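Take a look at the letters that make up each chain.
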Amino acid sequence: MSKDYILSLRNITKEFPGVKALDDVTINIERGTIHGLVGENGAGKSTLIKVLAGIHRPNAGEIELDGKIRHFANPIEARRAGISVVHQEIKLAEPLSVAENMFLGNVLMKNNLVDWKGMRKRAREIVADLGLDIDVNAQVSSLTVAKKQIVEIMHAINNNSQILVMDEPSAVLTNRELEVMFRIVRQLREQGITIIYISHRLDEVFDLCDNVSILRDGCHIDTLPIGDLDRESLINMMVGREMGQEYPKEPGKIGDTILSVKNLNCGMLKDISFDVKAGEVFGISGLVGAGRTELARAILGIDKIESGEVYVRGKKVKYRYFRDAIKDGLGLIPEDRKLQGLVQTMSIKRNTTLVNLARVIKGGVIRKGLENKLAEEFSDKLHVVRPTIETEVQYLSGGNQQKVVIAKWLFQESEILFLDEPTRGIDVGAKAEIYRLINEIVQSGRTIIMISSEMPELLGMCDRIMVMHEGHKMGELDAAEASQEAIMALCT
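Residues numbered from 1 in each chain as written. Predicted model: local features only at pLDDT ≥ 70, side-chain atom pairs only at ≥ 80, totals over all residues. Heavy atoms only, no water.

## Topic: the environment of R386
Tracing the chain through its elements places R386 in the loop between α13 (368–381) and α14 (398–412). As a C-alpha pair, R386 and Y311 span 75 residues in sequence and 40 Å in three-dimensional space. Among all residues touching R386, those that are not within four sequence positions of it are I348, E376, S379, D380 and L396. Side-chain polar atoms of R386 contact the side chain of E376, separated by 2.7 Å. In terms of polar contacts, R386 uses its side chain to reach the side chain of D380, at 2.9 Å. (Helix = DSSP H or I, 4+ residues; strand = E, 2+ residues; numbered from the N terminus. Contact = heavy atoms within 4.5 Å. Polar contact = N/O pair within 3.5 Å; in protein donor to acceptor, adjacent residues only side chain to side chain.)

Here it is, written out as structure tokens:
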């Protein structure tokens, strides 16, 4: 029995200067299914979706949609053909209402006037059909990230989309929000809408998807029913090699206490106390809004501490600015690498040396030869995939951008390094490299404080885990006694 393909991407090739992002990719997608698209950062997933969405023109190949060959000159043409994309970065008009966002580019008119009443009525119908509790008159800026993503989905439904592409929709959602998102995705499939689902969280791929396509280095490796795969075989196809242990923890040489926090109060943080030892990977767990990032910011002098004390190497400190903490050997890989960790329009080289330019300056002049040499060394050490070190970081994949952020703080030679969601939105291969770097850092006697929403990551890589809830410390667990159940009990 022949399969009913709503979409066929045939022999798609896309080249950029110095890079072949897609190499003769052919993928067929069945109508009314959830089709997973997986691969490492830089595998070509985003480029393929941008070709489908009319953002990029392919150098070769063709798109067949519902039996017709289509050539999209721009995203508007793709959207009119029934293809909508929910991007990882929210793309809504924040000052406008939910209803207004749902009708962007497709405004209802009546007697040559905008039909506000009709738009609000239709918006309420879509909200009711999805079983949601969202006020269509609410300003989008007041919504949670999860509800903003749902508004993007409703915008696609309102445009009568046949194909909905979801690019890393779960990256910043809580488990409860994920359940709502999954319910909506399955409901859309039941209504006949075809979903292309991109995620680095492989558990989601196995839970949601009917079929999955694997990309690697710009090439299509295979498309298989999800029932023909297990986690290990899927990972091996993605990375092209045996991965071995997923969390390759190697203990460092634990030393004396290097950081002490005593009764810290700052904003939502209430009476937080804990100690961290040199050579330790100290985890901080908690649900979204628990205060984990706020704690790091307070310690590092980014936010002003209201009361309490911080000691580094036994000496009481009170950093007025983040630069004071940097000079004292502390560093931060922030949660939002694009906005807070990198200068997107600067090169890999300049981002790497930015925090510690003094290391490559002599007589007030940057020694370009030395800067090039050191930037190359750090990029090689972290396996940053790039055309050259002069490449602007905005053109790198998410995983490679994260490696550049890490390279910056290794170049700075930070002794205590805060990692805030260090593997969010990156693939299993890049995760393994980051875990390897964490091992190297602690084995050199330096200290890692890891903030993560991924409990398996904390359990796999940390020596101790502190759990927070709504600005309070709820307890600490040694690696030997920690479990997902124990952490969740404290989180809630």
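## Brief notes about the packing of aromatic side chains
If you walk through the whole model with that rule in mind, you get three aromatic pairs. Taking the centre distance of 6.0 Å and the plane angle of 45° together, the rings of F322 and W409 count as tilted. Separated by 87 residues along the polypeptide, F322 in helix α10 (residues 322–327) and W409 in helix α14 bring together distant segments of the chain. For F322, a relative accessible area of 23% corresponds to the partly exposed category. Relative to F411, the ring of F378 has its centre 5.5 Å away and its plane inclined at 75°; by these criteria the two rings are edge-to-face. (Phe/Tyr/Trp six-rings, centres within 6.5 Å; stacked < 30°, edge-to-face > 60°. Buried < 20%, exposed > 50% of the residue type's maximum accessible area, 1.4 Å probe, protein only.)

## Here we look at the domain arrangement of the protein
Size of an interface: often given as the accessible area lost when the parts come together. Each assigned domain of the protein is listed here: domain 1 (5–239) and domain 2 (257–490). Relative placement of domain 1 and domain 2: their C-alpha centres are 32 Å apart. (Domains from an automatic or database assignment.)

## Quick look at the pattern of salt bridges
Under the definition given, this model contains 32 salt bridges. One salt bridge in this structure joins E62 and R10, with 3.0 Å as the shortest N-O distance. Residue E62 is located in strand β4 (residues 60–65), and its partner R10 is located in strand β1 (residues 5–16); the two are separated by 52 residues in the primary sequence. On the basis of relative accessibility, which here comes to 30%, the residue E62 falls in the partly exposed class. Where E476 meets K473, a salt bridge forms, and the shortest distance between an N and an O atom there is 2.8 Å. Judged by its relative accessible area of 30%, K473 is partly exposed. Put simply, E280, R464, K473 and E476 are held in one network by salt bridges that share partners. (Salt bridge = Lys/Arg side-chain N within 4 Å of Asp/Glu carboxyl O.)

## Concerning the sheet that holds strand β17 (residues 315–317)
The strand order across the open sheet built from four strands is β14-β13-β16-β17, with neighbouring strands paired in antiparallel fashion. Edge positions in the open sheet fall to β14 (269–277) and β17, since each of these has one partner strand only. The sheet shows a mean angle of 20° between the axes of neighbouring strands, direction not considered. In this structure, strand β13 (residues 257–266) lies alongside strand β16 (residues 307–312), joined through five bridges in antiparallel fashion. Across the sheet, the residue bridging to S260 is Y311, located in β16. (Pairing = 2+ DSSP bridges. Axes fitted to C-alpha atoms, helices over the stretch in contact; angles between N-to-C directions.)

## Re the pairing of strand β22 (residues 447–451)
Taking burial as the measure, the five residues of β22 include five buried ones, the bulk of the element. Side chains T447, I449 and I451 project from β22 onto one buried face, and the interleaved I448 and M450 project onto a second face that is buried too. Pairing analysis gives four bridges linking strand β15 (residues 281–285) to β22, with the strands arranged parallel. Bridge assignment links V281 to a residue of β22, and that residue is I448. As paired elements, strand β21 (residues 416–420) and β22 share five bridges and run parallel to each other. Opposite L417, over in β22, you have I448 as the bridge partner.

## Digging into helix α4 (residues 116–129)
Under the 1.5 Å per step criterion, the end-to-end length of α4 is 20 Å for 14 residues, consistent within 8% with the ideal 20 Å. When we look at burial in α4, the residues that qualify are G118, M119, A123, I126 and V127. Considering only its buried residues, α4 is in contact with α3 (98–102), β8 (113–114) and α5 (145–158). G131 sits one or two positions beyond α4 and adopts a positive phi of about 70°. (Expected span 1.5 Å × (residues − 1).)

## A short note on the packing of α14 against helix α15 (residues 428–443)
For the pair α14 and α15, interaxial distance at closest approach is 11 Å and the crossing angle is 10°. Here α15 runs roughly parallel to α14, going by the angle between their axes. As for the relative orientation of α14 and α15, their crossing is left-handed in sense. Taken together, the residues of α15 that come into contact with α14 (itself represented by Q402, K403, I406 and L410) are A430, E433, I434, L437 and I441. (Parallel < 35°, antiparallel > 145°, perpendicular 65-115°, else oblique. Left-handed = near helix turned anticlockwise from the far one by under 90°.)

## Some details on the side chain of K14
Turning to its location among the elements, K14 is positioned in strand β1. For the buried K14, no salt bridge exists, and the shortest N-O distance to an oppositely charged side chain is 9.1 Å, to E15. Within the structure, K14 has its side chain in polar contact with the backbone oxygen of R57 (distance 2.9 Å). Not counting the four nearest positions on each side in its chain, K14 is found in contact with V19, K20, A21, L22, T47, H56, R57, P58 and N59. (Lys, Arg positive; Asp, Glu negative; His and termini not counted.)

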